[in-house]
Amino acid sequence: QPRPTPTLYLRGCRPSTDIDTVDTGDNTTEDIIMAPAIDTQPATCKIDEYETAQPVNILERLPENFTEFVQSSKWKERKEVLDALLPLVKVPRLEDGRYGELASILVKRVADVNILVAIAAANCLEGLARGLRHHFTPYRGEAIPALLERCKEKKANVVQAMKDALLACIYC
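The model shown is predicted, which means the values in this text are computed figures rather than measured ones.

S.K.: I would appreciate a short explanation of the packing of aromatic side chains in the present structure.
M.R.: Think of a pair of aromatic rings as described by two things: how far the centres are apart, and how the planes are tilted against each other in angle. According to the stated counting rule, one finds one aromatic pair in the structure shown. Between Phe136 and Tyr139, the ring centres sit 5.8 Å apart and the planes meet at 65 degrees, which makes this aromatic pair edge-to-face. The residues Phe136 and Tyr139 share a single accessibility class, namely buried. When the ring centre of Tyr50 is taken as origin, the NZ or CZ atom of Arg93, which lies over that ring, is 4.7 Å away.

S.K.: Can you help me understand helix H7 (residues 156-170) in this one?
M.R.: The α-helix advances 3.6 residues per turn, and as a result positions three or four apart in sequence lie on the same side. Given a rise of 1.5 Å per residue, 15 residues ought to cover 21 Å, and the 21 Å separating the end C-alpha atoms of H7 matches this to within 8%. Turning to H7, its buried residues are Val158, Ala161, Met162, Ala165, Leu166, Ala168 and Cys169. Down the axis of H7, the sector holding all buried residues measures 165 degrees, keeping them to one side. Tucked into the core, H7 has its buried residues touching helix H4 (100-110), helix H5 (115-132) and helix H6 (137-150).

S.K.: How do you make sense of the packing of H5 against H6 when you look at a structure like this?
M.R.: A pair of packed helices is captured by two measures, namely the crossing angle of their axes and the spacing between those axes. As a packed pair, H5 and H6 sit with axes 12 Å apart at the nearest point and diverge in direction by 145 degrees. Taken as a pair, H5 and H6 cross one another with a handedness that is left-handed. Counted together, Ile115, Ala118, Ala122, Leu125 and Leu132 of H5 and Tyr139, Ala143, Leu147 and Arg150 of H6 form the full contact between these two elements. Here the residues of the contact of H5 with H6 are counted per class, giving eight nonpolar, no polar and one charged.

Reading the values: rules and limits
Residues numbered from 1 in each chain as written. Predicted model: local features only at pLDDT ≥ 70, side-chain atom pairs only at ≥ 80, totals over all residues. Heavy atoms only, no water. Phe/Tyr/Trp six-rings, centres within 6.5 Å; stacked < 30°, edge-to-face > 60°. Buried < 20%, exposed > 50% of the residue type's maximum accessible area, 1.4 Å probe, protein only. Lys NZ or Arg CZ within 6 Å of the ring centre and 35° of its normal. Helix = DSSP H or I, 4+ residues; strand = E, 2+ residues; numbered from the N terminus. Expected span 1.5 Å × (residues − 1). Arc of directions from axis to C-beta. Contact = heavy atoms within 4.5 Å. Axes fitted to C-alpha atoms, helices over the stretch in contact; angles between N-to-C directions. Left-handed = near helix turned anticlockwise from the far one by under 90°. Nonpolar A, V, L, I, M, F, W, Y, C, P; charged D, E, K, R; others polar.

Shown next as structure tokens:
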């Protein structure tokens, strides 16, 4: 018994149709659209994680004394607190909220003298932009110039982190 085939498809899930040219014998050709066979693989559709994920509020999950440690004079403390923030912002969807203070802190850390702190801040900024998407728009004006300024760095790993964060900020 053949499997039923869908008659309606989502926009990205339509199977491709093949166009074959058939010689009719009287010096003319006709284009025939060949429908996919019944036993072909089902159409695969990429589902956006953002649409299916539950929003996560990271503002209440920030480490204690976050602002104190991120503004510390010791670079190891700054890097440790940014490394603790990274798994929080790397979720598919962030709940809408007031992320202005967090974004401005991360932008300041992108310009940090220590490149490890700058890379960690850029990674956090990328996660924040991807998690907020169009809700990140108010913070773009502050983030993009700082990221572009840091792209002048000669080290490839710094430039790559800044580029990834820039792409997330632009295409959010």
